[in-house]
Amino acid sequence: QEQLVESGGGLVQPGGSLRLSCAASGSIFRIGHMGWYRQAAGNQRELVASISSGGSTNYADSVKGRFTISKDNAKNALYLQMNSLKPEDTAVYYCNAYLQADSRSSWRAYWGQGTQVTVSS
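Definitions and limits used
Residues numbered from 1 in each chain as written. Predicted model: local features only at pLDDT ≥ 70, side-chain atom pairs only at ≥ 80, totals over all residues. Heavy atoms only, no water. Phe/Tyr/Trp six-rings, centres within 6.5 Å; stacked < 30°, edge-to-face > 60°. Lys NZ or Arg CZ within 6 Å of the ring centre and 35° of its normal. Disulfide = S-S within 2.5 Å. Helix = DSSP H or I, 4+ residues; strand = E, 2+ residues; numbered from the N terminus. Buried < 20%, exposed > 50% of the residue type's maximum accessible area, 1.4 Å probe, protein only. Salt bridge = Lys/Arg side-chain N within 4 Å of Asp/Glu carboxyl O. Polar contact = N/O pair within 3.5 Å; in protein donor to acceptor, adjacent residues only side chain to side chain. Contact = heavy atoms within 4.5 Å.

Student: An account of the packing of aromatic side chains is needed here, citing residue identities and associated values.
Tutor: Tallying each qualifying case throughout the model produces 1 aromatic pair. One cation-aromatic arrangement involves R45 over W111; the distance from NZ or CZ to the ring centre is 4.8 Å.

Written as structure tokens, this is what we have:
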């Protein structure tokens, strides 16, 4: 089965840093658009950052200058470096990726299981 497995969440002080990882596994022919979303308690899920197959990136205004999205195609991995963290960044973070299992398969969207990020003193 194709799946995305996340890691790297935790509890950090305001101003601290965390690096989230998302690894895709299973039958993977190609990986397309990828992104990170977050959902705070009581709020709807929002896009944090995305990266295209060609490497173009996009960020929510609230995280520009603090977060960096990147990928390693050889490892089928996606990363989110989070610096200068604020309490407002507290949420469950989810990775998302479009995967194609083989040359005849359609593209499908997959979600990671979510990882908790808590920013507190």
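Read on, since the account is not over.
Student: Can you tell me about the state of the cysteines, naming the residues and giving the values?
Tutor: Among covalent bonds in proteins, the disulfide is the one between the sulfur atoms of two cysteines. As enumerated under the stated definition, the model contains 1 disulfide in all. Between the sulfur atoms of C22 and its disulfide mate C95 the distance is 2.1 Å. Sign of the S-S torsion, about 60° for the bond between C22 and C95, identifies this disulfide as right-handed. On the criterion of sequence distance, the pair formed by C22 in strand 3 (residues 18-25) and C95 in strand 9 (residues 91-100) is long-range, its members being 73 residues apart. Summarising the burial analysis for this pair, C22 and C95 share the class buried.

Student: Give a detailed account of the pattern of salt bridges, specifying residues and quantitative values.
Tutor: In this structure the tally under the stated criterion is 4 salt bridges. One salt bridge in this structure joins E46 and R38, with 2.8 Å as the shortest N-O distance. According to the relative accessible area criterion, R38 is buried, its value standing at 7%. Put simply, D89 and R66 hold a salt bridge, and the shortest N to O gap is 2.8 Å. Placement of D89 in the loop between strand 8 (77-82) and strand 9 and of R66 in the loop between strand 6 (57-59) and strand 7 (67-72) is noted, with a sequence separation of 23 residues between them.

Student: So what about the side chain of T115? Which residues, and what values?
Tutor: Inspection of the secondary structure puts T115 in strand 11 (residues 115-119). Within the structure, the side chain of T115 is placed 3.3 Å from the backbone nitrogen of G9, a separation counted as a polar contact. The residues touching T115, leaving out its near neighbours within four places in the chain, are E6, G9, L20, A91, V92 and Y93.

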